[in-house]
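Chain residues, written in single-letter form:
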Amino acid sequence: MAKVGDKVPSATLRMLGPEGPKAVTTEELFAPGKKVVAFALPGAFTPTCSAKHVPGYVTEYDKLKAKGVDTIACISVNDAFVMGAWGKDQKAGDKVLMLGDGNGEFTQAMGLTMDGSKFGLGTRSQRYAMVVDNGVIKDLFVEKPGAFEVSSAENVLKHL
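The chain is annotated in an unreviewed UniProt entry as Glutathione-dependent peroxiredoxin of Reyranella soli. A UniProt comment under Function (unreviewed entry) is attached to the chain, and it reads "Thiol-specific peroxidase that catalyzes the reduction of hydrogen peroxide and organic hydroperoxides to water and alcohols, respectively. Plays a role in cell protection against oxidative stress by detoxifying peroxides."

**Q** I'd like a rundown of the nonpolar core, residues and numbers included.
**A** With 24 residues, the main nonpolar core has F39, Y57, C74, W86 and V96 as its most contacted residues. Of all elements in the fold, only β3 (35-41), α2 (47-59), α3 (61-66), β4 (71-76), α4 (80-89), β8 (128-133) and α6 (153-158) reach the threshold of two or more residues within this core. Counting residues per element, this core draws most heavily on α2, at four residues. Ignoring anything within four residues of it in the chain, the contact list for C74 reads F39, L41, V54, M83, W86, V96, L97, M98 and L99. Formed by 21 residues, the second largest nonpolar core is a distinct cluster that contains F30, V36, L99 and Y128.

**Q** So what's going on with the pattern of salt bridges? Residues and values would help.
**A** Applying the stated criterion across every chain yields a total of two salt bridges. One salt bridge connects K3 with D6, and the closest N-O pair in it is separated by 3.2 Å. Note that K63 and E60 form a salt bridge whose closest N and O atoms lie 3.5 Å from each other. With a relative accessible area of 11%, E60 lands in the buried category.

**Q** With reference to specific residues and values, describe the environment of P18.
**A** Tracing the backbone through its elements, the reader meets P18 in the loop between β1 (12-17) and β2 (20-25). C-alpha of P18 to C-alpha of I137: the two residues are 119 residues apart in sequence and 31 Å apart in space.

**Q** Explain the side chain of R127 to me, and be specific about the residues and the numbers.
**A** Following the sequence through the fold, R127 ends up in the loop between β7 (123-125) and β8. If sequence neighbours within four positions are ignored, R127 has contacts with A40, L41, P42, T48, C49, H53, F141, V142, E143, A147, F148 and S151.

Conventions used here
Residues numbered from 1 in each chain as written. Predicted model: local features only at pLDDT ≥ 70, side-chain atom pairs only at ≥ 80, totals over all residues. Heavy atoms only, no water. UniProt positions renumbered as here; feature names shortened; annotations may be inferred. Core = buried A, V, L, I, M, F, W, Y, C linked by side-chain atoms within 4.5 Å. Buried < 20%, exposed > 50% of the residue type's maximum accessible area, 1.4 Å probe, protein only. Helix = DSSP H or I, 4+ residues; strand = E, 2+ residues; numbered from the N terminus. Contact = heavy atoms within 4.5 Å. Salt bridge = Lys/Arg side-chain N within 4 Å of Asp/Glu carboxyl O.

In structure tokens, the structure reads:
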């Protein structure tokens, strides 16, 4: 599993742009000189993710930006089309980048997969949040299975 002090692993994520799916590399997202708060979750349109996780980051956007955060990104093992539709539903707008890790490559490279087979979800991401500065993980908040506490926007704000 990735840990504080590690460089963010190399992978390609996808977001839905005006012309369709657009590749976003982790090298671009977590580029030198950028402070990024990224949070990952098991799936778009799922209850906790939709009711609490994404809305918290949309609501706390201004406070996160005031703490020097350049980008807020949501990552899920879903495709760019689903993430785009979910972003509209969540009113993420330009506040939160909605990034699909369709094949789970980034999630696997982070060592943070979970088996959601018993719920019909297959391999997904564990719920976590991280603060990345200059491509290096400065804080990593991984939830216990079924929990939603340490990866919240409110908790991340306390550590900035």
